[in-house]
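# Structural characterization, general
Single-letter residue listing:
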Amino acid sequence: MCGIVGYLGPKQAYPILIDGLKRLEYRGYDSAGIATLEDKATLRIEKKQGKVANLEAHVGNEKPKGTVGIGHTRWATHGPPNDINAHPHAGGQGHLAVIHNGIIENYEALRELLTHRGHNLVSETDTEVLAHFIEEVQLTTGLDLPDAVRTALKEVVGAYALVVLDQRHPDRLIAARKSSPLVIGVGQDNEFFVGSDATPIVAYTKNVIYLEDEEVATMHRSGELTIRTIGDAVVTPEIHAIELEMASLEKAGYDHFMLKEIFEQPKSIRDSIRGRIRIHAGESTVSGVDDHWEVWSQAKRILILGCGTSWHAGLVAEYLFEGLARIPVEVEYASEFRYRNPIVRSDDVVVAISQSGETADTLAAIRLAKDQGAHVFGVCNVVGSSIARETHAGAYTHAGPEIGVASTKAFTAQVAVLTVLAMHVGHRLGTLEDQQFMRLMTGLDNIPGLVEKVLDNAGIIEHIAKKFAGSDNALYLGRGYQFPVALEGALKLKEISYIHAEGYPAAEMKHGPIALIDEAMPVVFIATQDEVYEKVVSNIQEVKARGGQILAIVTEGDSKVRSLADHVLEIPKVDDALAPLLTVIPMQILSYHIALMRGCDVDQPRNLAKSVTVE
Ligand code: AGP
């Protein structure tokens, strides 16, 4: 999941590329590099291990000149993060510079072929193989570069979003994609911008073209843009106006994007339910469902697909759909689903959940489900993302751009939309009768205000974080609706503080994990006063009897758990089905403070990237 930028137009490329790379750094930050054509003839490649700031320091005052260029920020797939493996990669003749996001699965075979033909490859990357292969195709066929790129890509197996800069044609940029996202920005004055998503483009233009799979775009300084498939069919470009605002891409005074996004949750939840629940009218609307009601009304099963935090949101949705709509649900890791030869029936409804809308495993799982005849409904946060465009219908979360690698507001926005979805389907099916429907709708409408209240009382969490920051392990335990939230709390802690944290159903403790309990083991219980409260209290007593440090998230006014736990965080009393929207907040904040105390990079944790667009 690397970040790709490109520019062709009248302005100096370097500042545009660097600014774009900084906005895409959340996609990967193992190394960064740019290539420009100075005086329209000299191909200059500058690349450095580490973040974009390292590249800027490396360039210093010798800023590359030129009005065409490409840039790349890397999340390493083939070859460790170092200067040599950093992109861009040049072909052997030194004319071409290539940047790439994805995985070329047959790169070893191509590498062997190229080595046999005398190519000397210096890096360990599949991208350098691609650069040399495009060059070899051009050398052996005499084709013009756009045709050579198309011909080469016919032989490539795998995923790619790539941009090619040719020293011999300073008035042209070539871009292509398959399974990895690529957006072309169409500016004024015959300007073109290329980005892995719209974030490096929106400062310059809001007119974008989403390149589709196996399409090759050739941009000319004259303003001409041609798109052809690798099968050489002409494609008419479709320009979309995006609504992304620059302000949403800034930290707005917060120390970190993650903290900003945690505190944006009252707004992001409000924005995600707006227009979908109407209290006064006593009704809900989900057009993506209503337009396909014949499918939903006949659904024999709901298959929920996702990865990471989105998979956790799917687990919450399992309780919601089975509780409110009485439809059997199965929740699958998309990465497992796509390879286990699953049985998908035409009366299945698939719900695919993805913040980025670009997660490769989820995209592949969707395609498999569609091939087997299922109706696929997407819940995405990025308008125009691949998953949003490839599902039959869907409902956007309106959380705004989520830059912090650790997903926070996207999770609560997903859960909010999935809650509306389950309520809406249940009410239409008649399994959720009016009174409970109205109670839930009113309760959901109150959630943003209650999130505000939880955030207002978050000050104590930093103090508690000090007690846990030195731990090597942690357990997160919950039952029912709170079991997926326990998993999510554990994921937050592990991915930004590097503490090994595990989430478990609280009842599972007795089947092994209780052996882990000692004075050094912090245990976070979600013990809200719901249907399984007394069971959780018993689990707390079992842990306490063995000396575990206990932090409990409880319903306001709880005295029983308060007498047992070492630390208690309160949330307002809400319906069991709505509680995940509140109980996750303290855990987000806890992980944020612990990570800071451990000196971790909260927004860009090691080895991670925001959107996993490779397998
Ligand atoms: C969660 O904090 C992580 N960033 C990661 O697990 C993420 O949820 C997962 O990669 C899925 O991403 P998506 O929602 O964009 O598909």
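Structural data are supplied above this passage.
Residues numbered from 1 in each chain as written. Predicted model: local features only at pLDDT ≥ 70, side-chain atom pairs only at ≥ 80, totals over all residues. Heavy atoms only, no water.

The next subject is the state of the cysteines. Evaluation of the coordinates by the stated rule reveals zero disulfides. Cysteine Cys 307 is unpaired, with the sulfur of Cys 380 as its nearest cysteine sulfur at 12 Å. (Disulfide = S-S within 2.5 Å.)

Turning our attention to the pairing of strand E8 (residues 172-178). Within E8, six of the seven residues are buried, leaving the element largely enclosed by the surrounding structure. Pairing of E8 with strand E12 (residues 215-220), which is carried by six bridges, proceeds in the antiparallel orientation. Pairing of Ala 175 across the sheet is with Ala 217, part of E12. (Buried < 20%, exposed > 50% of the residue type's maximum accessible area, 1.4 Å probe, protein only. Helix = DSSP H or I, 4+ residues; strand = E, 2+ residues; numbered from the N terminus. Pairing = 2+ DSSP bridges.)

To continue, consider the site of the ligand. As a structural note, the neighbourhood of the ligand is formed by 15 residues, with Ser 310, Ser 354, Ser 356, Thr 359 and Glu 495 the closest of them. Measuring from an oxygen atom of the ligand, one finds a backbone N or O atom of Gln 355 at 2.7 Å. The contact in question runs from an oxygen atom of the ligand to an N or O atom on the backbone of Ser 407, over 2.8 Å. When grouped by side-chain class, the residues that make up the shell around the ligand number five nonpolar, eight polar and two charged. (Near = heavy atom within 4 Å. Polar contact = N/O pair within 3.5 Å; in protein donor to acceptor, adjacent residues only side chain to side chain. Nonpolar A, V, L, I, M, F, W, Y, C, P; charged D, E, K, R; others polar.)

The calculated volume of the largest pocket comes to roughly 960 Å³. Lining the largest pocket we find 44 residues, and of these Leu 244, Asn 381, Val 383, Gly 400 and Pro 401 sit closest to its centre. For the lining of the largest pocket, the secondary structure elements donating two or more residues are strand E15 (240-241) and helix H7 (265-273). Partitioning the lining of the largest pocket into residue classes produces 15 nonpolar, 14 polar and 15 charged. For the second largest pocket, the calculated volume is near 530 Å³. Lining the second largest pocket we find 30 residues, and of these Cys 307, Gly 308, Thr 309, Lys 610 and Val 612 sit closest to its centre. Elements with a contribution of two residues or more to the lining of the second largest pocket: helix H10 (308-325), strand E20 (348-354), helix H12 (360-371) and helix H17 (482-497). Taken together, the residues of the lining of the second largest pocket sort by class into twelve nonpolar, twelve polar and six charged. (1 Å grid on protein atoms, 1.4 Å probe; cavity = no way out; pocket = protein on both sides within 12 Å on 5 of 7 lines; lining within 4 Å. Points joined across faces, edges and corners; volume = space filled by probe spheres on them.)

Let us look at the nonpolar core. Counting residues in hydrophobic clusters, the biggest one holds 93 residues, and the most contacted among them are Trp 296, Phe 321, Tyr 476 and Leu 590. If near-sequence neighbours (up to four positions away) are discounted, Leu 590 is found in contact with Ile 461, Ile 464, Ala 465, Phe 468, Tyr 476, Val 524 and Leu 551. (Core = buried A, V, L, I, M, F, W, Y, C linked by side-chain atoms within 4.5 Å. Contact = heavy atoms within 4.5 Å.)

Counted by the stated rule, this structure contains seven aromatic pairs. Ring centres 5.2 Å apart and planes at 50 degrees place the aromatic pair Tyr 7 and Phe 193 in the tilted group. Of this pair, Tyr 7 sits in strand E1 (residues 3-8) while Phe 193 sits in strand E10 (residues 192-195), placing them 186 residues apart in sequence. Each of the two residues, Tyr 7 as well as Phe 193, counts as buried. When the ring of Phe 193 is compared with that of Tyr 204, the centres are 4.9 Å apart and the planes differ by 10 degrees; the resulting orientation is stacked. Of this pair, Phe 193 sits in strand E10 while Tyr 204 is found in the loop between E10 and strand E11 (207-210), placing the two residues eleven residues apart along the sequence. For Tyr 204, a relative accessible area of 29% puts it in the partly exposed group. In this structure an aromatic cluster arises from ring pairing among Tyr 7, Phe 193 and Tyr 204. Looking at Lys 51, its charged tip hangs above the ring of Tyr 29, at a distance of 5.5 Å from the centre. (Phe/Tyr/Trp six-rings, centres within 6.5 Å; stacked < 30°, edge-to-face > 60°. Lys NZ or Arg CZ within 6 Å of the ring centre and 35° of its normal.)

Attention now goes to empty space enclosed by the protein. For the structure shown, the criterion picks out three cavities of 30 Å³ or more. Considering only enclosed or pocket space, the largest cavity measures out at about 70 Å³ in volume. Every residue lining the largest cavity is counted, 13 residues in all, and those nearest its centre are Arg 74, Thr 77, His 87, Asp 126 and Thr 127. Elements supplying a minimum of two residues to the lining of the largest cavity: strand E6 (96-104) and helix H4 (126-141). Residue contributions to the lining of the largest cavity peak at three residues, all from E6. Per-class residue counts for the lining of the largest cavity are three nonpolar, eight polar and two charged. Around the second largest cavity sit Thr 528, Gln 529, Asp 530, Thr 555, Ile 571, Pro 572, Lys 573, Val 574, Asp 576 and Ala 579, which together line it. When grouped by side-chain class, the residues that make up the lining of the second largest cavity number four nonpolar, three polar and three charged.

Nothing here speaks to function; it is all geometry.
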